[in-house]
Structures are given as structure tokens and as C-alpha cells.
Amino acid sequence: MLVALPRKSLKTNYFQHKHNSFVQSITSSRGLKFKILFIISILFKFPFIIWHTLRNLFLKKKKYLYLEQRKLLEQLQYYGFTMNPRYILDKNTTYRLREDFYQDYQQSININGNECSVMYKPLRQTNIKIIMEQLVANIEPIINSYMYYSPYLKHIFYMYSDNNTIHANSSQHWHLDKQGPKTLKIFIALHDLTNDHGPLTFIDSNASAYLDNSVKYQKIETKKRIHDSEFDQALVGIPSQVINFTGDEGSLLFLDTDRCFHFGSRKSSYSRLLLLIEFGSLLDFKLPETSRYRPGIISY
Ligand SMILES: [Fe+2]
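Remember, predicted model here, so these are calculated numbers, not experimental data.

Caption draft 1: Structural view of a nonpolar patch on the surface. Judged by side-chain polarity, Phe15, Leu32, Ile36, Ile40 and Phe44 come together as a nonpolar surface patch covering roughly 420 Å² of accessible area. Top element by residues in the nonpolar patch is helix 3 (residues 31-58). It accounts for 4 residues. Turning to its location among the elements, leucine 32 is positioned in helix 3. Classification of leucine 32 by relative accessible area gives exposed; the value is 63%.

Caption draft 2: The environment of tyrosine 149, seen in detail. Inspection of the secondary structure assignment puts tyrosine 149 in the loop between helix 6 (125-146) and strand 3 (151-161). Along the chain, tyrosine 149 and leucine 282 lie 133 residues apart, while their C-alpha atoms are 9.0 Å from each other.

Caption draft 3: Spatial organisation of the environment of cysteine 260. Note that cysteine 260 resides in the loop between strand 7 (252-255) and strand 8 (262-263). A sequence separation of 56 residues divides cysteine 260 from aspartate 204, and the C-alpha atoms of the two residues are 5.5 Å apart. Contact partners of cysteine 260, with chain neighbours within four places excluded, come to Tyr79, Gly80, His175, Leu176, Ile203, Asp204, Ser205, Ser208 and Leu255.

Caption draft 4: Region of the structure containing the coordination of the iron ion. Distances from the iron ion to its protein donors, namely His175 (NE2), Asp177 (OD) and His262 (NE2), fall within the range 2.2 Å. All donors to the iron ion come from one chain, and their sequence spacing reads H-x1-D-x84-H.

Caption draft 5: Layout of the sheet that holds strand 7. Taking strand neighbours across the sheet as the criterion, the 6 strands line up as 1-7-4-9-3-2 in an open arrangement whose pairing is antiparallel. Each edge of the open sheet is held by one strand with a lone partner, namely strand 1 (81-84) and strand 2 (119-122). Along the sheet, successive strands turn relative to each other by an average axial angle of 25°, direction set aside. In terms of strand pairing, strand 3 meets strand 9 (residues 272-281) through 10 bridges, oriented antiparallel. Note that in strand 9 the partner of histidine 155 across the bridge is glutamate 278. Where helix 4 (residues 67-79) meets the sheet, its contacts fall on strand 1, strand 4 (184-189) and strand 7, and the angle it forms with strand 1 comes to roughly 145°. Relative to the sheet, helix 6 contacts strand 3, strand 4, strand 7 and strand 9, its axis offset from that of strand 3 by approximately 125°.

Caption draft 6: Summary view of unusual backbone geometry. Despite not being glycine, tyrosine 148 shows a phi value in the positive range, around 55°. Mapped onto the elements of the fold, tyrosine 148 is located in the loop between helix 6 and strand 3. With a relative accessible area of 31%, tyrosine 148 lands in the partly exposed category. One non-glycine residue with positive phi stands out, namely serine 265, at about 60°. Relative accessible area serves as the criterion here: at 1%, serine 265 is assigned to the buried category.

Here is what the cut-offs are and how they apply
Counting starts from 1 at the beginning of each chain's written sequence and moves along it residue by residue. Local features in a predicted model are, by the rule used here, given only for residues with pLDDT of at least 70; side-chain atom pairs are given and counted only at 80 or more, and totals for whole chains, interfaces and linings are based on all residues. To get the side-chain values, all heavy atoms of the structure are used, and hydrogens and water are removed first. For patch detection, residues must exceed 30% relative accessible area and be free of salt bridges, and they are connected within 9 Å for like charges or within 5 Å for nonpolar side chains (Val, Leu, Ile, Met, Phe, Trp, Tyr). Using a 1.4 Å probe, accessible areas were evaluated by the Shrake-Rupley method; residue-level cover was limited to the displayed protein chains. We define a salt bridge as a contact between a side-chain nitrogen of Lys or Arg and a carboxyl oxygen of Asp or Glu at a distance within 4 Å. A run of H or I in DSSP counts as a helix once it spans at least four residues, and a run of E counts as a strand once it spans at least two, with each numbered from the N terminus. When accessible area is computed with a 1.4 Å probe and restricted to protein chains, residues below 20% of their type maximum are described as buried, those above 50% as exposed, and intermediate ones as partly exposed. When checking whether two residues touch, look at their non-hydrogen atoms; a contact exists if any pair is within 4.5 Å. Only nitrogen, oxygen and sulfur atoms qualify as donors, and only when within 2.8 Å of the metal (3.2 Å in the case of Na, K and Ca); with water excluded, sites may look incomplete. If DSSP finds at least two bridges between two strands, the strands pair. Only the stretch in contact is used when fitting a helix axis, every axis being a line fitted to C-alpha atoms; angles between N-to-C directions are given from 0 to 180 degrees.

Below is the structure:
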């Protein structure tokens, strides 16, 4: 079961506003300060966590993982990513999504603010329903287990990059998202992806942990992006493999962008269109705010 936070709790109120302002400093902290702030943020959310735990225990039918799903989950836990050769969305769906995107392209809204290397565009409600049905049927227990049994659908967007320009200090450079202890982003290729499409590029969570420590990574303006030369220098002699998300239309990547350093949408020959489905958990640093969530999406 994908937990939909009750709509009441999504409204931005004084408590949430205070909480979110307070935990803002978590993402830019390290070491002991980080641990203390994180524990305080959990205490704030304790009533929500208890409520969802009880709800899961007593009200919801537990779904068990098949052997293949268990392997996928283990890989995700250990490496922070997994690329599933089995497609979640069928060809008809990816075709339909792509066609709808280009049809609506003119009315698209760039909701990303400062970073213009990627444009995020909402999907039509009918398409969200189709995707979520297929997602629930195929991978719901994986999402549940990975996200502390309290996942909620955070975003479901088209992710389009024209790959025309280099943007300074943007997500075209190595970074972590740092939104919580874990996040789960599912990327689905809406066309064949090659190295000429500015692919999403990442390293696994073990190499990322090493890099994090060696560069003392912080989500502050001067340190939130790691340039290639610094990256290469920090990982000299460390077994790490830089992986590009390429593959046929419908290919799928599960990536924890809080645990795995990544970048994407660098200047390339061709544009790139992905579907992004992101799950957060109640252990996220911030509580969800109404302005960032359309209730229709959360309870799809
Ligand atoms: Fe990112």
C-alpha cells in the first residue's frame, strides 16, 4: 500500500512551517550537528509516524515480496540503485505519455525555478491513474519496504532536458539531493536513451559515502556541486563505476538520489524525456506542504 498522507495533514500550517524552517539547516549540516537535528526532526513527526505505523499494522493487508522483487530491493538497499530489465510500463503507455507531452509542450510550465537545465511538467490526470495502477501492481512492496513502510507519492512529472546549454552551479554537476535519509526516484525512459541524450549519470551509494566524507559534502552554495576534477581526485584508487542511464524506451532506473551522487542533462546532441516518479517517507527532513502537492496526485 502506498501511503497517502491524509489531506488534512498536507495543509501548510504554523506547525509545519516552523518545522520546515527549523530542519532547513539539516541539509547543510554534517556529523554530530546533523544527527542531533535529525533526531529532533523525527520527534516533531512522531505522532504522524505512530499513526501510520498503527494503520499499517492493523488496517492494511501486507503484501509480500516475490523472489525477484526481493533481489531488486536488496540491490537497492546495498547499492542505492537498481536498473530493472523488466519494464513497468508497457509500450502503449510510454507511447501515449510521449505523445501527450509533446502535444502539451507549448503550455508547459517550468516549476524548477533557478535550475533551467531540466524542465518538470505535470502529467494529465488520466495518465497518472494508468501509471500508478501499473506501479502498484508491479513494485508496491519494494517502495514500501525501502521507504520505511511510510512512503508517499511526492512527485510524478515529465522531466525534459533540451541539453542545449551549460548552467553554472546546476544539477549538471555531481551532487546529492539530501531531502532525507532516503528517497526513491523512479526514472522511466520515454524514448531510447543513448550517451548522446545527456544521460542521468551516477555512482553507487558505497562510493558516494566515500566521496561524501572525503570532500565533506554540504548542501551550501559553495559546496553543493562537485566539479569533475574534484570528483576524479577524491575517488582516485577507489573502486567506483560511473553509470549512465541509457537503454531502450521503457527502461527503468530506481535511484536513491539522497545516497548516490549524480548529475544529468549535460550539453548533448539530443534532448531527453524521462518520466520521474518520486517517493518520500515520513522520515524526510521536511513535512510535505500543500503548495508542492496536488491532492489528486497523492491519492491518485
Ligand atoms: Fe539531483
